[in-house]
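Each chain, letter by letter, is given below.
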Amino acid sequence: FQFVDGNGEEVSVGETGEIVCTSLFSYAMPFIRYAIGDIGVPSDEDCPCGRSFPLMKVIEGRKDSFLLLPDNRLLSPRAFTIAMNTFKFINYVDQFRATQKRKDLLEVQIRKKDNVVDEKTIETELVSHLTRMFNVETDNVTFEIKFVEDIPLETSGKFNIVTSDLE
């Protein structure tokens, strides 16, 4: 596998790139630089098992799960998860999902564990927290917090923490 940028050029160790794979084992149809849809960061470390295959530091997420901010920065699902897990009221949150409705509008669905903290407090604190974590201005990005009873699985049966309605 390789990690490539938007132009198909290999990225350096430590840089983020789209993961592409090559397999010549299928004689009927070999896969050459097949984009699997994941974004990751290559590593130059050696595997402790002794094998010499390339390693990666981290998979940032699916290419179609990144959020595009108004200043054209991409926000990975992993970054959103880290932001949520450092939220001071995360212990009162059972599930969450972010959906990008527009480039300047992110809807965050929250399923609470209990009613110890009122929704208005969670909403105010979460908007402030996400604004700081993503280094955005509230007049450039709107975080719309919605409290829900259930966050359904995708039609594929997966639970995606970040989704995008952008085309």
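Scope of this entry: the structure provided in the associated data block.

How each quantity is defined
For every chain, the first residue of the written sequence is number 1, and numbering continues from 1 onward in sequence order. With pLDDT at 70 or above as the cut-off, local features in this predicted model cover only qualifying residues; side-chain atom pairs require 80 or more to be listed or tallied, and sums for whole chains, interfaces and linings still use all residues. To get the side-chain values, take all heavy atoms of the structure and skip hydrogens and water. The helix and strand labels rest on DSSP assignments: H or I over at least four residues marks a helix, E over at least two residues marks a strand, and numbering proceeds from the N terminus. Here the term buried applies to any residue with accessible area under 20% of the maximum for its type, exposed to any over 50%, and partly exposed to those in between, with areas from a 1.4 Å probe on protein chains only. For this analysis, residues touch if any pair of their heavy atoms sits within 4.5 Å. Exposure was quantified through the Shrake-Rupley algorithm and a 1.4 Å probe, taking into account, for residues, occlusion by the shown protein chains and nothing else. By the counting rule applied here, Lys and Arg register as positive and Asp and Glu as negative, while His and the ends of each chain are not counted. Here the site of a charge means NZ on Lys, CZ on Arg, CG on Asp, or CD on Glu. Here is the rule: rings of Phe, Tyr and Trp (six-membered ring for Trp) pair when centre to centre is within 6.5 Å. Planes less than 30 degrees apart are stacked, more than 60 are edge-to-face, and the remainder are tilted.

**Observations concerning the overall build of the protein**
Check the secondary structure of the protein and you find 2 helices and 10 strands. With respect to the principal axes defined by its C-alpha atoms, the protein has extents near 60 × 35 × 30 Å. The buried share of the protein, reckoned over its 167 residues, is 34%. In the protein, once contacts between residues fewer than 6 apart in sequence are set aside, the share between residues at least 24 apart is 50%. Of the accessible surface of the protein, which amounts to about 10600 Å², a share of 49% is contributed by carbon and sulfur atoms. A distance of 2 Å separates the average location of the 19 positive side-chain charges in the protein from that of its 28 negative side-chain charges.

**Overview of the packing of aromatic side chains**
Here a ring pair, both rings aromatic, is described through the centre-centre distance and the interplanar angle of the planes. All told, the structure shown has 6 aromatic pairs when counted by the stated rule. Measuring from centroid to centroid gives 5.6 Å for Phe1 and Phe3, while their planes differ by 80°, and the two rings are edge-to-face. Pairing Phe89 with Tyr92 gives two aromatic rings, centres 6.1 Å apart and planes at 50°, and the pair type is tilted. Take Phe89: its relative accessible area is 14%, and that puts it in the buried class. Under the relative-accessibility criterion, Tyr92 is labelled partly exposed at 26%. Here the aromatic residues Phe80, Phe96, Phe134 and Phe143 are joined through ring pairs into a cluster of three or more.

These figures capture arrangement, not role.
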